[in-house]
Amino acid sequence: MSASKKKKVTKAEKLKMLQEEEERRLKEEEEARLKYEKEEMERFETERIEKEKWQQLEAKDLERRKEELEELHLLEACYPEAEKLKRENRLLSRWNHYIQCDGSPDPLVPQEMNTFISLWKEETNETFEEVIEKSKLVLNLIEKLKLILLETPPYDLQDKKVKQYQGSIQELQELLHFKFNVATELLLRQASTLADLDSGNMEKIIQHENITLYLWANLKKNPRYRSIRFSETKIGFEIPRILATCDIALRLLHTHYDHVTPLCPVPRPLKVEQHTSTIIESVKDQDKDIAEESISKEDQEESKQPESGSIVVHEEEVKVEEEGDAKVQMSAVAESETIKSEVEMKLLSETVSAAQLLLIENACEKPEFFEAYEVDLFQFTTLGGVYHLDILELPPQCKPVNGWMIVEILKEGLQKYVYPPETTEDFEIENAFPPIEVTLQVHENVIFFEDPMVARWDHEGKHWRTDGISHVIYNSEDKLVTFNLETFGPVTLIQDAHINMPYQSWELRPLAVNKVLLTVTTVFTELQIQIKENLCMLASVKLKNKEHESILKGRWMPPIPFIIALKEVGLNIFPTGHSHFYVLINNKVKEHLNQELDTEYPDWALLMFSGDRAQTLKISEYSETFSEALKEETEFHSTLYHMVKDFASGDAIEKIRSSNCQFVDCVCQMLLSTRLLSYS
């Protein structure tokens with residue numbers, strides 16, 4: 001036979017191979033089973049250890065809850081004290097105003113305000129300069145009334161008072177603008193005597209810290225004189241030929257304040273009393289049930305004890321019995337204290353839950369606008385005041401007669417020239433009434449991080465609109481805005497109110513006792529705010545990593561006026577109740593702990609607070625997914641303050657406890673206003 005022929009496998013060899021394969025399969029299955037059982041045992045053991053650790057942490061947290069709650073109550077006592085001092089300061093301010101006797105009305109007294117308004121209405125023939133001088137007092141009264149509405153706690157402010165103060169504000173705003181119109185008419189009556197020698201037309205500029213007036217009267221009616229620029233500036237108009245031949249005047253009244261946008265609604269207190277009282281009654285009932293149950297148990301135990309009758313008891317037995325009674329009493333007291341603590345914590349937890357539910361029920365809904373081109377004032381904000389653009393009919397001019405100046409006074413007063421006219425049937429030429437080109441100067445103290453948008457006021461709809469405006473050009477170097485406007489009226493510049501949100505980073509650094517530095521960094525700017533006692537101050541503003549000189553730098557102000565001032569210059573880092581609809585907020589809550597605070601963890605520590613428990617998480621700020629796994633050697637606490645106490649120095653905690661109540665309240669107010677944890 002050939003050697004290449006394969007050897008035939010016998011049946012015995014085949015059987016042996018099958019047995020070996022079966023043994024190998026069984027061995028692999030056994031190894032897999034043992035591995036799975038081992039992994040399961042390890043998993044169960046890990047879960048058991050984690051559960052035990054969790055239970056130990058919860059038990060330890062429950063043990064010190066009463067102590068932490070009492071400490072928290074002591075810390076929170078500063079807020080009522082700070083509010084008391086604020087109320088005293090408001091009363092002192094009113095008293096100081098009373099003893100000054102400077103003739104200015106008290107804005108909180110309706111009789112004084114009505115008298116002031118009535119007397120000013122009766123004054124006639126006031127020049128523009130006289131109205132500007134009076135406007136200082138009027139603007140001061142309006143500012144005081146607005147601050148009262150913002151600074152007074154909702155529970156101290158009755159609805160009747162809110163309507164009274166808002167009514168006074170609106171009446172003062174309308175009267176001030178009326179007075180400017182009357183003063184403008186007086187100026188235009190003298191236009192012929194104020195005419196420029198070169199052009200033959202009248203040009204007038206009046207500048208003040210709150211108001212700037214640009215006034216031009218068309219006396220020569222030269223059809224070729226269509227480019228109007230004020231005093232060699234670039235501010236002015238390009239008017240069409242049809243206006244260049246009419247008896248008109250152009251007015252640009254730039255008020256550095258905004259009296260056109262409707263007043264913001266004043267927040268009213270939530271109706272929490274009914275919810276809280278219901279919770280308290282419920283918890284009291286539970287407390288009563290627990291107490292009754294405890295008493296019934298004691299009665300049952302006493303009834304089980306044998307009656308002593310007339311048996312003579314030895315001294316040792318009496319002593320043992322007394323010791324037993326003392327232990328029972330101590331146990332009963334301890335149990336009572338535990339029950340009381342549990343009831344207090346339940347009351348606090350239920351009250352917090354009810355408050356959170358009320359906040360959800362009263363949460364702001366996303367505003368819906370049904371008109372096209374309407375400006376959403378929840379998303380955008382006006383900046384730099386209002387530009388009142390008007391085409392006016394030129395009133396009859398003064399005429400000298402025998403040493404006298406005679407002028408015809410129209411009963412209807414200053415009249416607006418309608419452009420374009422309501423009916424254009426008499427005009428055959430197309431585009432006979434083209435848009436008017438306008439060039440405005442942006443207020444020098446206002447910062448626009450992007451090119452501003454232009455909006456016009458809709459008198460009928462009572463809102464700002466962006467239609468009817470075209471060819472907008474912004475010159476950032478000269479701070480000039482040029483655009484075409486179809487119809488004249490109030491115009492303003494708007495910017496996204498959330499342009500500096502979300503924040504890139506923030507830091508709260510102590511400087512001294514009752515003094516800290518809050519730094520907020522955004523995409524466009526870095527703000528440094530010093531907080532001292534009950535005052536705030538803008539310490540630094542950086543734009544594109546360069547220091548920017550702001551009119552607010554170095555000025556100490558209370559929190560609310562400070563916040564208003566920052567918003568008015570375009571440095572808005574203060575979200576509102578609607579801001580979460582326009583800003584992508586971070587769900588991860590981060591607390592930055594600096595090495596200078598003598599902390600155990602020098603890097604970022606992620607702390608989670610659920611409303612009734614604070615804990616340090618295992619994840620870092622760079623983690624892609626969120627996990628509630630705890631950091632090693634961490635513990636549960638009832639507040640973030642007690643959580644930080646675990647790794648803060650004793651000196652830092654002592655400084656916190658000894659801080660001035662107004663300082664704590666001021667810092668808290670700034671943190672609540674910026675909402676750094678949510679918008680970073």
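Residues numbered from 1 in each chain as written. Predicted model: local features only at pLDDT ≥ 70, side-chain atom pairs only at ≥ 80, totals over all residues. Heavy atoms only, no water.

K.L.:
Help me out: how do you make sense of the overall build of the protein in this one?
P.N.:
Scanning the protein for helices and strands turns up twelve helices and 22 strands. A separation threshold of at least 6 residues defines the contact pool for the protein, and within that pool the share at least 24 residues apart is 67%. Split by element, the accessible area of the protein, about 42600 Å² in all, is 52% carbon and sulfur. (Helix = DSSP H or I, 4+ residues; strand = E, 2+ residues; numbered from the N terminus. Contact = heavy atoms within 4.5 Å. Areas by Shrake-Rupley, 256 points an atom, 1.4 Å probe, with all protein chains shown as cover.)

K.L.:
Teacher, can you tell me more about the packing of aromatic side chains here?
P.N.:
Any aromatic ring pair is given by two values, namely how distant the centres are and how the planes are angled relative to each other. Scanning the model with the defined rule gives ten aromatic pairs in all. Summarising the aromatic geometry, the rings of Tyr-214 and Phe-230 are spaced 5.3 Å apart at their centres and angled 55° between planes, so their arrangement reads as tilted. Taken together, the residues Tyr-214 in strand β2 (residues 211-217) and Phe-230 in the loop between β3 (227-229) and β4 (236-238) connect sequence positions 16 residues apart. What makes Phe-230 buried here is its relative accessible area of 0%. Taken together, a centroid distance of 5.9 Å and an interplanar angle of 35° make the contact between Phe-237 and Phe-488 tilted. (Phe/Tyr/Trp six-rings, centres within 6.5 Å; stacked < 30°, edge-to-face > 60°. Buried < 20%, exposed > 50% of the residue type's maximum accessible area, 1.4 Å probe, protein only.)

K.L.:
Explain the pairing of strand β17 (residues 525-532) to me, please; I cannot follow it from the model alone.
P.N.:
Remark: a regular strand shows side chains that alternate across the two faces of the sheet. Pairing geometry for strand β16 (residues 515-521) and β17, over seven bridges, is antiparallel. Bridging across to β17, Thr-519 finds its partner in Gln-528. The pairing of β17 with strand β18 (residues 535-543) spans eight bridges and is classified as antiparallel. Residue Ile-531 lies in a different strand from β18, and its bridge partner there is Cys-536. Between β17 and β18, which pair antiparallel in sequence order, lie two residues; one of them, Glu-533, sits at a positive phi of approximately 55°. (Pairing = 2+ DSSP bridges.)

K.L.:
How do you make sense of the nonpolar core when you look at a structure like this?
P.N.:
Across soluble globular proteins, nonpolar side chains have a tendency to be buried as a group. Of all hydrophobic cores here, the largest spans 39 residues; its most connected members are Phe-128, Leu-172, Phe-180 and Leu-188. Taken together, the elements giving at least two residues each to this core come down to α3 (110-122), α4 (128-151), α5 (159-189), β1 (202-207), β2 and β5 (248-255). Other than its neighbours up to four places away in sequence, Phe-128 contacts Phe-180, Ala-183, Thr-184, Leu-187, Ile-206, Leu-213 and Leu-253. (Core = buried A, V, L, I, M, F, W, Y, C linked by side-chain atoms within 4.5 Å.)

K.L.:
Help me out: how do you make sense of the environment of Glu-58 in this one?
P.N.:
Turning to its location among the elements, Glu-58 is positioned in helix α1 (residues 11-76). Taking the relative accessible area as the measure of exposure, Glu-58 reaches 31% and is therefore partly exposed. In this structure, the C-alpha to C-alpha distance between Glu-58 and Glu-635, residues 577 residues apart in sequence, is 8.6 Å.

K.L.:
How should I be thinking about the confidence of the model for the protein in this particular structure?
P.N.:
When pLDDT is low, close inspection of the predicted coordinates is not appropriate. Residues with a pLDDT of 70 or more make up 79% of the protein, whose mean pLDDT is 81. Element-level mean pLDDT values for the protein span from 41 in strand β20 (residues 590-591) up to 96 in strand β14 (residues 490-496). Every residue in residues 272-276 scores below 50 in pLDDT, and together they form three contacts with partners more than four places removed in sequence or on other chains. Note that residues 588-602 has pLDDT below 50 and, in this model, 38 contacts with residues that lie over four places away or in other chains. (pLDDT = per-residue confidence, 0-100.)

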